[in-house]
Amino acid sequence: MTNNKSVLNWVEEMKTLVGPDKILWIDGSEAQLEALRAEACSTGEIIKLNQEKLPGCYLHRTAVNDVARVEDRTFICSRKEEDAGPTNHWKDPQEAYKMLYDIARGSYKGRTMYVIPYSMGPVGSPLAKIGVELTDSIYVVLNMAIMTRVGQKVWDTLGDSTDWVKGLHCKCDIDAEKRYICHFPEDNAIISVNSGYGGNVLLGKKCFALRIASYLGKTEGWMAEHMLILGIENPKGEIKYVAAAFPSACGKTNLAMLIPPEGYRKKGYKVWTVGDDIAWMRQGPDGRLYAINPENGFFGVAPGTNAKSNPNALASTKSGTIFTNVAQNLDDNTVWWEGLDKNPPKHAVNWKGEPWDGTTSDQKGAHPNSRFTAPAKNCPCVSPEFDKGTGVPISAIIFGGRRAQTTPLVYQSRDWNNGVFVGSIMASETTAAATGAVGVVRRDPMAMLPFCGYHMGDYFKHWIEMGKKLGDKAPKIFNVNWFRLDAEGHFIWPGFGDNLRVLEWIVNRCEGKADAVETPIGFVPKAEDINLEGLDFSIDTLKSILEIKNEQWTKEAEGIEEFYKKFGTKLPKELHDQLDTLKNNLK
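In short, a report on the structure. Small disclaimer: the values here were computed from a predicted structure and weren't measured. (Residues numbered from 1 in each chain as written. Predicted model: local features only at pLDDT ≥ 70, side-chain atom pairs only at ≥ 80, totals over all residues. Heavy atoms only, no water.)

## Here we look at the packing of aromatic side chains
A full pass over the atoms with the stated rule returns 24 aromatic pairs. Three or more aromatic residues joined by ring pairs make a cluster, and in this case those are F421, Y454, Y459, F460, F563, Y564 and F567. Across the ring face of F483, the terminal group of R402 is positioned such that the distance to the ring centre comes to 4.1 Å. Over the aromatic face of F523 sits the side chain of R509, whose NZ or CZ is 5.5 Å from the ring centroid. (Phe/Tyr/Trp six-rings, centres within 6.5 Å; stacked < 30°, edge-to-face > 60°. Lys NZ or Arg CZ within 6 Å of the ring centre and 35° of its normal.)

## Re the sheet that holds strand β22 (residues 348–349)
Read across the sheet, 4 strands follow the order β21-β20-β22-β23 without closing on themselves; strand pairing throughout is antiparallel. Of all strands in the sheet, those with a lone pairing partner are β21 (334–336) and β23 (355–356), marking the two edges. Here 2 bridges tie β22 to β23, and the two strands are oriented antiparallel to one another. In the sheet register, A348 faces β23, and the bridge partner there is W356. (Pairing = 2+ DSSP bridges. Helix = DSSP H or I, 4+ residues; strand = E, 2+ residues; numbered from the N terminus.)

## Comments concerning the sheet that holds strand β19 (residues 322–324)
Reading across from one edge, β2-β3-β19-β24-β18 is the order of the 5 strands in this open sheet, with mixed pairing throughout. In this open sheet, the two edge strands, each paired with only one partner strand, are β2 (47–48) and β18 (297–301). Pairing analysis gives 3 bridges linking strand β3 (residues 58–60) to β19, with the strands arranged parallel. Bridge assignment links L59 to a residue of β19, and that residue is F323.

## Some points on helix α5 (residues 138–147)
With 9 of 10 residues buried, α5 lies mostly within the body of the structure. All of the buried residues in α5 are I138, Y139, V140, V141, L142, N143, M144, I146 and M147. Capping the start of α5 is the job of one residue whose side-chain oxygen sits 3.2 Å from the backbone nitrogen of Y139: S137. (Buried < 20%, exposed > 50% of the residue type's maximum accessible area, 1.4 Å probe, protein only. Polar contact = N/O pair within 3.5 Å; in protein donor to acceptor, adjacent residues only side chain to side chain.)

## Things to note about the pattern of salt bridges
One pass over the structure, following the stated rule, counts 33 salt bridges. Across the salt bridge formed by E220 and K129, the nearest N and O atoms sit 2.9 Å from each other. Placement of E220 in helix α8 (residues 204–220) and of K129 in strand β7 (residues 129–135) is noted, with a sequence separation of 91 residues between them. The class for E220 is partly exposed, based on a relative accessible area of 37%. With a relative accessible area of 8%, K129 lands in the buried category. A salt bridge links E262 to K266; the shortest N-O distance between them is 3.2 Å. Of the two residues, E262 and K266 both sit in helix α10 (residues 262–267), 4 residues apart, roughly one turn of that helix. One network of salt bridges, in which partners are shared, links K205, K206, K252, D277 and E295. (Salt bridge = Lys/Arg side-chain N within 4 Å of Asp/Glu carboxyl O.)

## Remarks on empty space enclosed by the protein
Under the criterion given, the structure shown has 4 cavities of 30 Å³ or more. Reported here for the largest cavity is a volume of approximately 100 Å³. As for the largest cavity, its lining consists of 15 residues, of which T407, I425, M426, A427 and N479 are closest to the centre. When its residues are assigned to classes, the lining of the largest cavity shows 7 nonpolar, 5 polar and 3 charged. (1 Å grid on protein atoms, 1.4 Å probe; cavity = no way out; pocket = protein on both sides within 12 Å on 5 of 7 lines; lining within 4 Å. Points joined across faces, edges and corners; volume = space filled by probe spheres on them. Nonpolar A, V, L, I, M, F, W, Y, C, P; charged D, E, K, R; others polar.)

## Focus on the side chain of E225
Tracing the sequence through the fold places E225 in strand β12 (residues 223–225). This buried residue, E225, is left without a salt bridge; K252 holds the nearest opposite charge, at 9.7 Å. Residue contacts for E225: discarding those within four places in its chain leaves L210, D277, I278, A279, M281, M446, M448, Y459 and W463. (Lys, Arg positive; Asp, Glu negative; His and termini not counted. Contact = heavy atoms within 4.5 Å.)

## Section: the side chain of N350
Counting through the fold element by element, N350 comes out in the loop between β22 and β23. The class for N350 is buried, based on a relative accessible area of 4%. Side-chain polar atoms of N350 contact the backbone nitrogen of K352, separated by 2.9 Å. Residues in contact with N350, not counting those within four places in the same chain, are R61, V326, W356, K364 and G365.

Written out as structure tokens, the structure is:
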């Protein structure tokens, strides 16, 4: 418990609003969590799985109308509309509070209010922040106990400080028409109503760790980014850390948990996972940029995760994991999802809770956005630095997207501001793989489009200011594209573990050990500087995916110009200048 006045007053105020039958303060102890699991099993909120095969694992099914984040129902409630910017939905904070309180009023009747004190980042770390979430869902409590650090130590660290983030979650009736996820950056507050799905209700994740934290980062001089953090250890035992941002469906978790190709493993290369989704970065005492993963677990997409695509992610789910909206195999009370293996269960229950025969059904057993919530400590390659609050020094920042042509396998920005430009123009495109037809280019700057808690023009400006602050200690910035297609619509680069070959060049560039060729867009590797040993891949093919075609980039520049119009006068002059430089380089 706590004697913090600001916490106690707020809890009392929210209790009066939502009217719970009782209050339970979460202490993070195994005994308390076990009692909650038993209670949730008795009500059917969760299902206990085969404890021999999946010790400590449970299954939960959400309502069928509540299976993903809802961007059209997600609001930034800044006092001024212009501060939310053109990429966010905005509501006036006073109107939003009134609307949300009207929806939430009395909604805990007959329910328990759970008070969850949690730390984003190792408890007591100078890079960590504290939040308190109130919820009427045991599912939320159990997930937060995996995804964050929960318990009395958090209260002890907070003391009587008012520097914490308020989070109110009310399941209400899971009414999609009254579902709102609202952020109040100036008030350090988040309110979520009428959802029970992970991304909308685990308020430490996207809501706090990105939307609120990005605003805090701007005002306090640090960065909250949608980035994995990865350590690359060479045979001498030296480890270099990189942070990387990718839009969804670009293999982010696979890269975070990469397994080196056999030749690299034999030489003694290792890859260490610090984080798979979010990085909080600030300047350290030595002037370099240091990053922590504010989370304590992985909230991963289940479909497609298997022993070949990501054995480390799969291993992470083998104990103490909560599965959401996957299929249940009734023969042995385990779980299954599309892409796990070629043996769907015959006697099963699908994600909707209906009987399902995976051998004959044309319906999916698991929802495409079904999830696992797994403790990071389960990951075989979790970094020894994971729980250290000092963070890891970042040598390189990597941006990436899914482009069939145009963007080469890898290139390096000319300098920091050029790197901010490269991040700001990040994009993925939908491809009809069979025909190789190129679809729509979707810009997702720094992969933060759905997660930036303030005006994106100001966000770009903050990046530029961070570069000035870091000076010559700033990480080098790169862009990768694993997804170049050939004329038949097949991926050219093998990807997965072989991406380490590209990461090796990136690290070598950071250490001044590799050459590069200057092109209109930045520095591209010499093909012979990317190690192809042990790979059936010709140097000519490699050259083809490192090539810059001016006519494609001229078209790209037009798309960037159109995209930049969105930010009006808030677009930093530095980015205008970068676009002009690109155009001139292409002439």
